[in-house]
Amino acid sequence: MHIRRQPGAALDAPLVLDGRNLELLYLRIDGRELDQSAYALDKKQLTIEGLPEAADLEIGTRIRPVQNTALEGLYLSGDMLCTQCEAHGFSRITYFLDRPDVMTRYRVKLTADRTRYPILLANGNPVDSGSSDNGYHWVTWEDPFPKPCYLFALVAGDLAMIEDEFTTCSGRKVALRIYVEPENKDKCDHAMASVKQAMRWDEEAYGREYDLDIFMIVAVGSFNMGAMENKGLNIFNAKYIIADPKTATDDDHEAVRDIIGHEYFHNWTGNRITCRDWFQLSVKESLTVFREQQFSAAMGSEAIRRIRQARLIRTQQFPEDAGPTAHPVRPDSYMEVNNLYTLTVYEKGSEVIRMLHTLLGAEKFRKAMDQYFERHDGQAVTVEEFLAVMEQAGERDLSQFRLWYSQAGTPVVNAEWEYQPGERRHVLHLKQSTPPTPGQAIKQPLHIPIRAALLNASGASEENILELCQAEQQFVFQDTNPNTGISLLRGFSAPVQLVMAHTDEQLRQLITQSGDGYASWDAMQKLYFGTLLDRIRAIQQKKTSTKPSVLSQAIERLLENPGENPALLAELLLMPSESVIADQMQQVDLDSIIVARDGLRSELSRHLYPLILQAYEKSAGSSPYRFDNESVARRRLNNVCLGWLVAGGGPEARELAMHHYQQADNMTDSLGALVALNDSDGPERTKALHEFQQRWQTQPLVLDKWYTLQATSRLPSSLDSVRQLMSSSNFDGRNPNRIRALLGAFAHANTRGFHRADGTGYQFVADNIQALNALNPQVA
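These figures come from a predicted structure and were not determined experimentally.

**Observations concerning the packing of aromatic side chains**
Here is step 1 of the chain: Going through the model one piece at a time under the given rule, you end up with 28 aromatic pairs.
Here is step 2 of the chain: An angle of 45° between the planes, with centres 5.9 Å apart, marks the rings of Y518 and W521 as tilted. One end of the pair is Y518 and the other is W521, both in helix α10 (residues 517-540) and 3 residues apart, which spans about a single turn. Across the pair, W521 and Y518 agree in class, each one buried.
Here is step 3 of the chain: Each residue in the set W201, Y206, Y210, F215, Y264, F265 and F295 is aromatic and connected to the rest through ring pairs, giving one cluster.
Here is step 4 of the chain: Seen from the ring of Y26, R28 lies directly overhead, with NZ or CZ sitting 3.9 Å from the centre.
Here is step 5 of the chain: Lying across the ring of W644, R601 places its NZ or CZ 4.7 Å from the centre.

**Looking at the sheet that holds strand β4 (residues 32-33)**
Here is step 1 of the chain: In space, the 4 strands of this open sheet follow the order β1-β7-β3-β4, with antiparallel pairing throughout. Two strands close off the open sheet at either side, each with one partner strand: β1 (2-4) and β4.
Here is step 2 of the chain: Two elements, strand β3 (residues 23-29) and strand β7 (residues 54-62), share 6 bridges in a ladder whose sense is antiparallel. For L24, the partnering residue across the bridge sits in β7 and is T61.

**Quick notes on helix α20 (residues 700-712)**
Here is step 1 of the chain: In this model α20 runs 18 Å from its N-terminal to its C-terminal C-alpha over 13 residues, within 8% of the 18 Å that 1.5 Å per residue would give.
Here is step 2 of the chain: Buried residues along α20 sit in contact with α2 (250-265), α18 (667-677), α19 (683-696), α21 (718-727) and α22 (736-749).

**Digging into the packing of helix α4 (residues 302-321) against helix α12 (residues 566-573)**
Here is step 1 of the chain: Axis separation between α4 and α12 bottoms out at 10 Å; the angle between their running directions is 25°. Between α4 and α12, the angle falls in the class roughly parallel. Within the contact between the two elements, α4 uses I304, I307, R308 and R311 and α12 uses A567, L568 and E571.
Here is step 2 of the chain: Among the residues making up the contact of α4 with α12, the classes are represented as 4 nonpolar, no polar and 3 charged.

Conventions we followed
- Along each chain, residue indices are assigned from 1 in the same order as the chain's sequence is written.
- Local features are withheld for residues below a pLDDT of 70 in this predicted model, meaning they are given only at 70 or higher, and side-chain atom pairs are given and counted only at 80 or more; totals for whole chains, interfaces and linings count all residues.
- The side-chain values count all of the structure's non-hydrogen atoms but skip hydrogen atoms and water molecules.
- Any Phe, Tyr or Trp ring, taking Trp's six-membered ring, that has another such ring centre within 6.5 Å forms a pair; planes under 30 degrees apart are called stacked, those over 60 apart edge-to-face, and the others tilted.
- Under the DSSP-based scheme used, a helix requires at least four consecutive residues in state H or I and a strand at least two consecutive residues in state E, with every element numbered from the N terminus.
- Partly exposed residues are those whose accessible area sits between 20% and 50% of the maximum for their type, while under 20% is buried and over 50% is exposed, using a 1.4 Å probe and protein chains only.
- Should the NZ of a Lys or the CZ of an Arg lie within 6 Å of a ring centre and within 35 degrees of the ring normal, that charge is described as sitting over the ring.
- A strand pair is defined by DSSP finding two or more bridges across the two strands.
- A helix is expected to span 1.5 Å multiplied by its residue count minus one.
- We call two residues contacting when some pair of their heavy atoms lies within 4.5 Å.
- For every element, the axis is a line fit to its C-alpha atoms; helices are fit only across the contacting stretch, and the angle between N-to-C directions ranges from 0 to 180 degrees.
- Oblique is the label for any angle not under 35 degrees, not over 145, and not in the 65 to 115 range, which are roughly parallel, roughly antiparallel and roughly perpendicular in turn.
- Note that Gly is not counted as nonpolar here; it falls among the polar residues with everything else outside the nonpolar set of Ala, Val, Leu, Ile, Met, Phe, Trp, Tyr, Cys and Pro and the charged set of Asp, Glu, Lys and Arg.

Written out as structure tokens, the structure is:
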């Protein structure tokens, strides 16, 4: 390392370097080896006294990747060596100032046995290579751009490569390479196409051109995260690279495209401009998640993407906001840096960026981003610096908006729609409040943009953006009539809970006439919730539950008039999960929730069976698999309808699902049939699961789906099945994907099994987390 003392620093201040699980071999200053009296060494740091103002520091260390079960730093994945350095993995490789604001240039020479490690990769561009007489070879890589050490990467292994080329907007040729294990070489075409889509989109949407001569991706079997944006050498969980129709679902294909986009977009929002410290994590992650969402909407259906993002926020991030670990988008403190990688920082943070985009408008937001890239290229920045550019270029005072970064919790917006006949106008009364969270008892009003449109018999009017800035505010709409309705929070324009009373007729109007996918989905969810909560109360009071007439009529109308977007219809048909229903209750009565939901689903399915069957048959495909928006939407509706048919049907419905499975020529339809059969205790489920395992037992990523099916089955025997699978000799308890596929799926998605009344579900998960924590704390 070439080091220099900061101007103004104390001349006697020691250099303190981070390091974990390292064996120090030697330490040299300007070529002179230091004896042990010149430095102090403990388990986490190396402290060197008496350094001159500038010096060349050489450190030799020995590490043991085979013993590195934490999968941070340099470790072994199968027969491949690879790195993961965010957040503090680099300190497991050598002693260093392991902070994101310490940015430097790296020159890396890798030397290895040519037979065992024929591929040697690192960040940047290859500048030299050679071989020796003893069977070893070497490659030197140089990254011309300063970067923090968390973006350092290297890979060594026997890997297959697929190669392509991309011509940038300025005419430069960039080599594109994806490295995988040889048996997966034929499953990377979709990933390569996604790289090129992301590169072109970033040029067109943000004017960002790629800056190196080569862009590389390596797919790794054992990886704690989804992927890592290391400069020029992205390292991916193989799950998000390997995809073909036979082994990957439509959702898998979308995830590959979106995550490739996310990591590529980090090249500018994360690499060229990084965060000053880990408290500023949202500067790179929230912004890049928002850019990824824009990209995925451009590649697919914006309405569907917003519904899924809203569902994620409402079902997972809102509970995080309401729990004991609630924290702001920019947290105040942490006990362990990996605990900062939360839904609040990533997903709520991206919604904060989206609100900025809404308030500034697309043109001014783009202008602000251009200035941000120009002003801060090569720097480690803070939230304040990012907002300052937005404020200046957007010509907006964002003083109040800054509270979104420092105030925890989910705001609740109460809305009342009042008609004043004498004035022939409507008045919208809005109130906002945020419940207390740990460490923040008193909350201030936030700046909340609410997209709104009036509704009448002909549909929705042009949208307006209502800016709610006070605790209470009124908005007046002139020249309306008593039947004029209003659609609020369209496109999920802010991460808030909107509370507004609706009649059944108003909900039906929102579902069919709002002209906004999110607004229609939200109204449908309210209709489901109202019916389910009525049934839960009836069960608790031992009364006969009412027939779901209003809900049934709404679904009937949707099936009779499906519209032009089958994927939207599929989203509207999906019932809220048991955990989502529980979130609406002050005191959770899980048994009543289960009985009410199962009963309603079965009753609706039987009543609407002919219409659902008709929709299933109309959405069936006969042509070969294609991954395009139209085909994905059709398959989505087809498999949702199949699930409804099996839920209320008898043996004939299960036979239909078995036929669906056996005739499927792609993983989307195969898994759709298995999901439909997964909660039925019949021979069809047993047979299909057995056939699936036999066919795919040599494909780890596909077999993970088989594990997840059994972990999420609502059958009473699911916990016993998970126990048996975890204790079997075939279960790889060190692979993060396999752990998440079984233990993670059971804890997160099996409401019945995890929340068993006898507590055995909790005990099972707790015991396994404790055991896992000793091996891999991040996954635990």
